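The residues making up each chain are set out below.
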Amino acid sequence: LDSTKNNTKKLTFARTGVSFDVKYDGELAVEEGPSFIRAIVPLTASAYGYNQFDKQLAGSGLIQNAGVASVGVLNAITGECVNPAFSLGDSDISWTGTVPTGSKLYIDHGKEVCYLEDAFGNKTNVRQYLSGEFVKVPVGGTIIITANDSTETHLLTTWRDRFLW
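Note that the structure is a prediction, hence the values are computed from the model and not measured.

### Considerations on the overall build of the chain
- A tally of regular secondary structure across the chain gives 1 helix and 22 strands.
- In summary, the chain has a C-alpha radius of gyration of 20 Å against a globular reference of 15 Å for 165 residues, an excess of more than 25%.
- Each principal axis of the C-alpha atoms in the chain carries an extent, and together these give about 70 × 35 × 25 Å.
- Taking all 165 residues of the chain together, the buried fraction comes to 34%.
- For the chain, the proportion of contacts with a sequence separation of at least 24, taken over those separated by at least 6, is 59%.
- Summed over all atoms, the accessible surface of the chain reaches about 9800 Å², with 51% contributed by carbon and sulfur.
- Of the charged side chains in the chain, 14 are positive and 18 negative, and the gap between their average positions amounts to 6 Å.

### Considering the sheet that holds strand S17 (residues 123–125)
- The strand order across the open sheet formed by 6 strands is S7-S21-S10-S15-S16-S17, and the pairing between neighbours is antiparallel. Because the sheet does not close on itself, it has two edges, and the strands there are strand S7 (55–58) and S17. Taken over all neighbouring pairs, the strand axes of this sheet differ in orientation by 20° on average, direction set aside.
- In this structure, strand S10 (residues 74–78) lies alongside strand S15 (residues 104–108), joined through 5 bridges in antiparallel fashion. In the sheet register, Ala 76 faces S15, and the bridge partner there is Tyr 106.

### What to know about the packing of aromatic side chains
- The full count for this structure, using the stated rule, is 3 aromatic pairs.
- Between Phe 13 and Phe 20 the ring centres are 6.1 Å apart and the planes differ by 80°, which places this aromatic pair in the edge-to-face class.
- The partly exposed category is assigned to Phe 13, whose relative accessible area is 39%.
- The ring of Tyr 48 carries Arg 162 above its face, with NZ or CZ at 4.1 Å from the centroid.

### Focus: the nonpolar core
- Ranked by size, the top nonpolar core spans 23 residues in total, and within it Ile 63, Ile 77, Phe 86, Leu 88, Leu 105 and Ile 107 carry the most contacts.
- Mapped by element, the contributors of at least two residues to this core are strand S12 (85–88), strand S13 (91–95), S15, strand S16 (113–117) and strand S21 (155–159).
- If near-sequence neighbours (up to four positions away) are discounted, Ile 107 is found in contact with Val 73, Leu 74, Asn 75, Ile 77, Phe 86, Ile 93, Val 113, Cys 114, Leu 130 and Phe 134.

### Here's the deal with the sheet that holds strand S8 (residues 61–63)
- With respect to topology, 5 strands assemble into an open sheet ordered S8-S20-S12-S13-S18, the strand pairing being antiparallel. Each edge of the open sheet is held by one strand with a lone partner, namely S8 and strand S18 (130–131).
- Two strands pair when backbone bridges link them, and S8 and strand S20 (residues 142–146) are joined in this way by 3 bridges, in the antiparallel orientation. Note on S20: the bridge partner recorded for Leu 62 is Ile 143.

### Focus on the side chain of Thr 146
- Take Thr 146: it is sitting in strand S20.
- Sequence-distant contacts of Thr 146, defined by excluding residues within four places in its chain, comprise Gly 59, Ser 60, Ala 85, Phe 86, Thr 151, Glu 152 and Leu 155.

### Re the environment of Gln 52
- The residue Gln 52 is located in the loop between strand S6 (48–51) and S7 in this model.
- For Gln 52 and Asn 83, which are 31 residues apart along the polypeptide, the C-alpha to C-alpha distance reads 33 Å.
- The residues touching Gln 52, leaving out its near neighbours within four places in the chain, are Lys 10, Thr 12, Gly 17, Ser 19 and Arg 160.

Cut-offs used in this document
Residues numbered from 1 in each chain as written. Predicted model: local features only at pLDDT ≥ 70, side-chain atom pairs only at ≥ 80, totals over all residues. Heavy atoms only, no water. Helix = DSSP H or I, 4+ residues; strand = E, 2+ residues; numbered from the N terminus. Rg over C-alpha atoms; globule rule 2.2 N^0.38 Å. Buried < 20%, exposed > 50% of the residue type's maximum accessible area, 1.4 Å probe, protein only. Contact = heavy atoms within 4.5 Å. Areas by Shrake-Rupley, 256 points an atom, 1.4 Å probe, with all protein chains shown as cover. Lys, Arg positive; Asp, Glu negative; His and termini not counted. Charge placed at Lys NZ, Arg CZ, Asp CG, Glu CD. Pairing = 2+ DSSP bridges. Axes fitted to C-alpha atoms, helices over the stretch in contact; angles between N-to-C directions. Phe/Tyr/Trp six-rings, centres within 6.5 Å; stacked < 30°, edge-to-face > 60°. Lys NZ or Arg CZ within 6 Å of the ring centre and 35° of its normal. Core = buried A, V, L, I, M, F, W, Y, C linked by side-chain atoms within 4.5 Å.

Structural data, given as structure tokens:
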């Protein structure tokens, strides 16, 4: 449990499929009964939970946010793709350059980062080549439309709905 004091771990409730990022916060207590042992583990969790599995959309379409709060999506663009561009809701987003074959360009709207990952997993910050604003998808959803055929076949958008528990 000590390893969760500084880093969060995912706690998922099987019945609902909702997960929370939790940290161990306090001391473990143990209660013994006549035919049981009860462990009390103090955890701190964020107010928002999220789906256990990612939702995905390839290319253009409707990003449906069935949660109770806006979410930052992750756009992954595989190479080879030259000057990928798309609109997310009312925002136009483009990246100037070529995503090489075997590499992926990630635009993370939740963490507000943009990086290129090569075939070996090495990441390079390439935010300076990104134009447009990071977008949070509102409850209900929004439309993503690619600006060219090259982007359409290389774009995968993932997200997780958020729930207030």
